[in-house]
Amino acid sequence: MIGKLRVRTNGIIEREGPLNAFLFGETIMIANPSEVLAHNDYLEIQVESEGNIIVEDQAFTKISSKSNIKIKVEGRGKRINWLLHPYLFYNDSSAEITNKFFLNEGKIVEAYILGRKMHKEKFSSGKIRSVTEIYVDGKLLIYDVFRVDGDSFKDKNLMGKEGLLAVYTINKKDDFDVKKEVIDGEKVGDKWLEEIYK
């Protein structure tokens, strides 16, 4: 599947494939009917606004086993609150995720879960690389990488737990905060909810 989505808050939505978006004032709800990414799926999401935007989606993004997914995200706006649900990686899944944000202030919440612990599945093989770049006034302020190589991960989980929550808060170009928390996989959803409703 190839899904491309470009949303501008003036009401223009351009799309290719199954991705869609709904606008509710300053809120953009991104909808992916499949919710599960597999094989060599590719998603590209661009959101642009002259003002403030809140970007949400309808459910966790699940990345199935034996997949090699690519996701490219770009957000542009004066103030952006990017609050997408966590990524859930099945064992033996691979993904390359690129996130770029151009803003003056806002909050970016990212969450990752490795394996389906509730199904007794451990993440022991696969490869994940997620890069987040945040630009303020055209200058790179934050560059962060989340990387997992399943071959080295299976014998010793270097994180210690299956979940990671990352929160980037930008108040202005010289006032920002990066918070990362390693947590149990089954608690990521609750922690994510706490963070987006702060």
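Residues numbered from 1 in each chain as written. Predicted model: local features only at pLDDT ≥ 70, side-chain atom pairs only at ≥ 80, totals over all residues. Heavy atoms only, no water.

## Focus: the sheet that holds strand E6 (residues 42-48)
If you walk across this open sheet you meet the seven strands as E2-E1-E6-E9-E12-E14-E15, and the pairing is mixed. Looking at strand neighbours, the two that pair on one side only are strand E2 (13-16) and strand E15 (139-149), the edges of this open sheet. The average undirected angle you get between the axes of adjacent strands in this sheet is 5°. Bridge analysis of strand E1 (residues 2-8) against E6 gives seven bridges, and the strand direction is parallel. Bridged to Lys4 within E6 is Glu44. (Pairing = 2+ DSSP bridges. Helix = DSSP H or I, 4+ residues; strand = E, 2+ residues; numbered from the N terminus. Axes fitted to C-alpha atoms, helices over the stretch in contact; angles between N-to-C directions.)

## Quick notes on the pairing of strand E4 (residues 27-31)
Burial analysis of E4 places four of its five residues in the buried class, which makes it a mostly covered element. Bridge analysis of strand E3 (residues 20-24) against E4 gives five bridges, and the strand direction is antiparallel. Bridge pairing in E4 places Asn20 opposite Ala31. Counting the residues in the hairpin turn of E3 and E4 gives two residues, including Gly25, whose phi is positive at 65°. Taken together, the four bridges between E4 and strand E7 (residues 52-57) define a ladder with parallel strand orientation. Bridge assignment links Met29 to a residue of E7, and that residue is Glu56. (Buried < 20%, exposed > 50% of the residue type's maximum accessible area, 1.4 Å probe, protein only.)

## As for the nonpolar core
Among the nonpolar cores identified, the biggest contains 39 residues, and Ile71, Trp82, Phe89, Leu103, Ile108 and Ile134 are the most heavily contacted of them. In this structure, Trp82 is in contact with Ile45, Val47, Val55, Val73, Glu74, Gly75, Phe101, Lys107, Ile108 and Val109, ignoring residues within four places of it in sequence. Grouped together as the second largest cluster of nonpolar side chains are twelve residues, Leu83, Tyr90, Val109 and Ile113 included. (Core = buried A, V, L, I, M, F, W, Y, C linked by side-chain atoms within 4.5 Å. Contact = heavy atoms within 4.5 Å.)

## Some details on helix H2 (residues 188-196)
For H2, the complete set of buried residues consists of Val188, Gly189, Trp192, Glu195 and Ile196. The arc enclosing the buried residues of H2, seen along the axis, measures out at 125°, which places them on a common side. Contacts from the buried residues of H2 go to strand E13 (105-114), strand E16 (163-172) and strand E17 (175-183). (Arc of directions from axis to C-beta.)

## Focus: the pattern of salt bridges
Overall, the coordinates contain twelve salt bridges when judged by the stated rule. The shortest N-O distance in the salt bridge between Glu105 and Arg79 comes to 3.3 Å. Here Glu105 is found in strand E13, whereas its partner Arg79 is found in strand E10 (residues 79-82), with 26 residues between them in sequence. Judged by relative accessible area, Glu105 falls into the partly exposed class, the value being 29%. Its relative accessible area of 30% is what places Arg79 among the partly exposed residues. A salt bridge links Glu96 to Arg129, with the nearest nitrogen and oxygen atoms 3.3 Å apart. Of this pair, Glu96 sits in strand E12 (residues 93-103) while Arg129 sits in strand E14 (residues 126-136), and the two are 33 residues apart along the sequence. Under the relative-accessibility criterion, Arg129 is labelled partly exposed at 28%. (Salt bridge = Lys/Arg side-chain N within 4 Å of Asp/Glu carboxyl O.)

## Details of the packing of aromatic side chains
One pass over the full model with this rule turns up six aromatic pairs. On the numbers, 6.4 Å between centres and 20° between planes, the contact of Phe89 with Tyr112 is stacked. Linking Phe89 in strand E11 (residues 87-89) with Tyr112 in strand E13, this pair joins segments that are 23 residues apart in sequence. Tyr112 shares its class with Phe89; the two are buried. When the ring of Phe102 is compared with that of Tyr135, the centres are 4.7 Å apart and the planes differ by 10°; the resulting orientation is stacked. One end of the pair, Phe102, is in strand E12; the other, Tyr135, is in strand E14, with 33 residues separating them in the sequence. Members of the aromatic cluster, joined through ring pairs, are Tyr87, Phe89, Tyr112 and Phe146. Sitting above the plane of the Tyr90 ring, Arg116 keeps its charged end 3.8 Å from the centroid. (Phe/Tyr/Trp six-rings, centres within 6.5 Å; stacked < 30°, edge-to-face > 60°. Lys NZ or Arg CZ within 6 Å of the ring centre and 35° of its normal.)

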